[in-house]
Amino acid sequence: MTEGDGVRDGDLPDDLTAAEAGMWQAFRNGSVYDLSSGDMHVDDPHGGHPWGPERTVRARIVCWLLLDGPPPLAGRVSSLKLAGVRITGPLDLAGGTVLPYMELRGCRFDDEILLPEAHFTTARFVNCAAPRLEAARLHTEGDLHLPRCRFLGGVRLTDAHIGTDLLLNQAVVYRDRSGRSIAADGMTVGQDLQAELLETHGELSLRSAKVGVSLSLRGARLRNPDGRFALNAPQLTVGRTLYLTPAGVGGPWQSGTTPARGTRIQRFECQGGIRLDDGRFGDAIDLERARFTFTDDQQLSLRRVQAPELRFLGEEPQRGGVLLSGARVVNLVDLATSWPGPGRLHMGGFAYENLVPQGPFPLTRRLDWVAAATAEYNPEPYERLATVLRAAGEDEDAREVLLAKQRRRRETLPPAAKVWGYAQDLTVAYGYRPGRAAVWMAVLWAAGTLAFAHAPHPPMNSGGHPAWDPALFVLDLLLPVIDLGQVGQWRLTGGWQWAAAAMILLGWILATTVAAGATRLLRRG
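Model, not experiment: these values are computed from the prediction.

A. Main features of the packing of helix H1 (residues 18-29) against helix H2 (residues 59-68). Where H1 meets H2, the axes come as close as 11 Å, and the angle between the chain directions of the two elements is 15°. As judged from the angle between their axes, H1 and H2 are roughly parallel. Along this stretch, H1 crosses H2, giving a crossing that reads as right-handed. Counted together, Glu20, Met23, Trp24 and Phe27 of H1 and Ile61, Val62, Trp64 and Leu65 of H2 form the full contact between these two elements. Residues of the contact of H1 with H2, tallied by class, amount to seven nonpolar, no polar and one charged.

Structure below.
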């Protein structure tokens with residue numbers, strides 16, 4: 001009997017092998033067709049033990065069942081449930097509409113799985129081995145499950161639409177000819193994308209992908225050391241949180257849960273650059289305990305991302321850079337030990353509203369953090385930090401930050417302006433420590449009073465003048481603008497004229513620096 005003849009009546013085709021005939025009947029019955037031997041080593045689809053004809057079916061017969069299979073037995077729902085089956089030939093369902101439920105567990109494919117533009121309700125491949133999965137523009141109403149699968153030539157899910165969840169937990173995917181392990185640009189996932197303990201060898205590309213709820217790469221190991229990116233996901237949209245965090249290994253393991261105390265964990269590790277530029281995240285980007293291994297020209301790029309919270313709690317990358325230029329977050333949760341050193345951190349235009357340090361993060365380290373991000377002087381990171389500290393009620397720390405900004409700016413000035421900057425710093429710390437002015441004024445007043453008490457002071461007008469008071473005279477010299485009626489009443493000669501001029505000059509310096517500092521404080525108040 002040829003394909004299509006008598007199928008609608010449920011007749012068994014004549015050219016089926018024994019294994020295929022059993023699969024045919026199991027399909028009509030809706031039962032699991034299990035050809036496993038019971039020996040875990042023999043049944044390992046990723047192992048090297050050969051599987052003979054007794055557990056081999058042709059891919060075209062599988063396609064026949066899924067696309068135009070026989071009716072179910074009375075009271076049954078037809079479905080394809082295979083376990084421990086070897087499938088020969090390409091499984092080509094391109095452009096087809098698959099209505100029966102499909103679940104393949106522990107199966108081995110000799111050739112590619114071809115699902116471009118196919119439509120499924122739900123498709124489950126669990127712990128299967130295949131050369132490649134080609135599924136561009138695949139559409140599923142429910143889930144696409146690929147946990148523990150191994151693909152030697154990559155996975156393509158470009159512009160796929162997954163109705164609910166995409167599962168890639170513990171999958172192992174090697175690169176294709178273009179250097180990509182998983183190409184999923186433009187993919188849409190209705191709910192969660194779970195890729196926990198995923199292992200990739202090549203670029204994981206999620207450019208312009210959309211995930212409705214959370215994207216979990218807990219415990220994943222992404223490796224592309226010779227390429228530019230291990231994770232390339234600009235313009236990624238995630239409804240809630242992106243997890244690049246640890247996952248529990250061994251024992252009872254539940255996806256998406258925090259590993260129980262005492263559980264062996266596997267960190268998220270990435271060998272190769274990460275690009276999340278222009279991403280949008282509804283809750284957070286979580287990098288807790290993440291480990292990055294970059295070359296000098298690779299980076300963790302978070303330029304222009306937007307998220308309510310950035311949890312920058314991973315290990316400091318020893319090479320490469322971290323780019324936060326133009327990013328906007330509400331809460332920055334970080335560790336002092338997570339940030340890279342000078343020249344490898346870029347934060348131009350990075351906006352954050354609250355700092356939530358985990359562990360000790362003294363102000364001196366925070367100033368080093370800002371300095372590391374400004375190889376050339378840039379006032380914006382200092383002003384942003386000062387604004388956040390002032391909003392948190394840390395006014396003294398905010399003034400210290402602005403003082404550090406002025407000192408950093410001073411190093412870029414010409415010599416004359418630099419000297420003036422040192423004078424402002426020494427006297428009143430650019431106005432951010434106004435108490436210093438009172439101390440300097442008191443010192444100059446006391447010293448001047450002692451000195452001018454011995455100065456000859458013939459009156460300018462012998463007819464009428466106030467009584468000589470060296471303390472009041474010096475105070476009149478030190479206070480610009482204010483006239484206490486002393487300076488113009490006495491005639492000084494020789495070195496005393498120079499001393500009086502020095503007092504006037506020092507008074508102007510103090511007044512000018514205090515006024516400049518007060519202006520800065522009022523402007524930022």
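B. View of the side chain of Ser214. Positionally, Ser214 belongs in the loop between strand S26 (210-211) and strand S27 (215-216). Each residue touching Ser214, except ones within four places of it in the same chain, is listed here: Gln191, Asp192, Leu193, Val238, Arg240, Thr241 and Tyr243.

C. Structural context of helix H3 (residues 363-372). Taken together, the buried positions of H3 are Arg366, Leu367, Trp369, Val370 and Ala372. Each element contacted by the buried residues of H3 is listed here: strand S42 (328-334), strand S43 (345-346), strand S44 (351-357), helix H4 (379-391) and helix H5 (395-410).

D. Spatial organisation of the packing of aromatic side chains. Throughout the structure, instances matching the rule amount to eight aromatic pairs. Ring-pair connections join several aromatic residues into one group, and the members of that group are Phe312, Trp339, Phe350, Tyr352 and Trp369. For Arg218, the ring lying beneath its charged end belongs to Tyr243, and the centroid distance is 3.8 Å. The side chain of Arg366 reaches across the aromatic face of Trp369, ending 4.9 Å from its centre.

E. Molecular detail of the state of the cysteines. With the rule as written, the count across this model stands at zero disulfides. Here Cys107 is not disulfide-linked; the sulfur of Cys128 is the nearest cysteine sulfur, at 4.7 Å.

F. Representation of H1 within the structure. In this model, H1 (twelve residues) spans 17 Å end to end at C-alpha, consistent with the 16 Å of a helix rising 1.5 Å per residue. Within H1, burial applies to Ala19, Glu20, Ala21, Met23, Trp24, Ala26, Phe27 and Arg28. Looking at the buried residues of H1, the elements they touch are strand S1 (32-34), strand S2 (56-58), H2 and strand S3 (79-83). Just beyond H1, the residue with positive phi is Gly30, at close to 75°.

G. Region of interest: the sheet that holds strand S9 (residues 113-114). Reading across the sheet, the eleven strands line up as S5-S9-S13-S17-S21-S25-S29-S35-S39-S41-S43 and stay open at both edges, with parallel pairing between neighbours. Unpaired on one side and paired on the other, strand S5 (91-92) and S43 mark the two borders of the sheet. Relative to strand S17 (residues 155-156), strand S13 (residues 133-134) is paired through two bridges, and the arrangement is parallel. Across the sheet, residue Leu133 finds its bridge partner in S17, namely Val155.

H. Quick peek at the environment of Arg319. Mapped onto the elements, Arg319 comes out in the loop between strand S40 (306-312) and strand S41 (321-323). Classification of Arg319 by relative accessible area gives partly exposed; the value is 42%. For the pair Arg319 and Pro340, spaced 21 residues apart in sequence, the C-alpha to C-alpha distance is 8.3 Å. If we skip the residues at most four places from it in the chain, Arg319 touches Phe294, Thr295, Asp296 and Arg344.

I. Representation of the packing of H3 against H5 within the structure. Packing of H3 against H5 leaves a shortest axis separation of 11 Å and a crossing angle of 40°. With respect to H5, the axis of H3 lies oblique. The chirality of how H3 crosses H5 is right-handed. Contact with H3, carried on its side by Leu363, Leu367 and Ala371, involves Asp397, Glu400, Val401, Ala404 and Arg408 of H5 and no other residues of that element. By residue class, the composition of the contact of H3 with H5 is five nonpolar, no polar and three charged.

J. The environment of Leu402, seen in detail. Mapped onto the elements, Leu402 comes out in helix H5. Take Leu402: its relative accessible area is 1%, and that puts it in the buried class. Remark: the alpha-carbon pair of Leu402 and Glu383, spanning 19 residues in sequence, is separated by 6.8 Å.

K. Inspection of the pattern of salt bridges at higher detail. Evaluated as defined, the whole model comprises 28 salt bridges. The salt bridge involving Glu20 is made with Arg58; its shortest N-O contact spans 2.7 Å. Of this pair, Glu20 sits in helix H1 while Arg58 sits in strand S2, and the two are 38 residues apart along the sequence. Assessed through its relative accessible area of 1%, Glu20 is described here as buried. Its salt-bridge partner being Arg221, residue Glu269 comes within 3.9 Å of it at the nearest N-O pair. Here Glu269 is found in strand S34 (residues 269-271), whereas its partner Arg221 is found in strand S28 (residues 221-223), with 48 residues between them in sequence. Here the residues in one salt-bridge network are Arg221, Arg267, Glu269, Arg291 and Glu315, joined through shared partners.

L. Empty space enclosed by the protein, seen in detail. Under the counting rule described, the total for this entry stands at two cavities of 30 Å³ or more. Of the voids in this model, the largest cavity is the one considered here, and its volume is about 60 Å³. Surrounding the largest cavity, Leu166, Leu168, Ile182, Ala184, Met187, Leu193, Ala195, Leu204, Leu206, Leu215 and Leu217 form its lining. Of the residues assigned to the lining of the largest cavity, the class counts are eleven nonpolar, no polar and no charged. Its volume calculated, the second largest cavity comes out at about 40 Å³.

Rules and cut-offs
- Residues numbered from 1 in each chain as written.
- Predicted model: local features only at pLDDT ≥ 70, side-chain atom pairs only at ≥ 80, totals over all residues.
- Heavy atoms only, no water.
- Axes fitted to C-alpha atoms, helices over the stretch in contact; angles between N-to-C directions.
- Helix = DSSP H or I, 4+ residues; strand = E, 2+ residues; numbered from the N terminus.
- Parallel < 35°, antiparallel > 145°, perpendicular 65-115°, else oblique.
- Left-handed = near helix turned anticlockwise from the far one by under 90°.
- Contact = heavy atoms within 4.5 Å.
- Nonpolar A, V, L, I, M, F, W, Y, C, P; charged D, E, K, R; others polar.
- Buried < 20%, exposed > 50% of the residue type's maximum accessible area, 1.4 Å probe, protein only.
- Phe/Tyr/Trp six-rings, centres within 6.5 Å; stacked < 30°, edge-to-face > 60°.
- Lys NZ or Arg CZ within 6 Å of the ring centre and 35° of its normal.
- Disulfide = S-S within 2.5 Å.
- Expected span 1.5 Å × (residues − 1).
- Pairing = 2+ DSSP bridges.
- Salt bridge = Lys/Arg side-chain N within 4 Å of Asp/Glu carboxyl O.
- 1 Å grid on protein atoms, 1.4 Å probe; cavity = no way out; pocket = protein on both sides within 12 Å on 5 of 7 lines; lining within 4 Å.
- Points joined across faces, edges and corners; volume = space filled by probe spheres on them.

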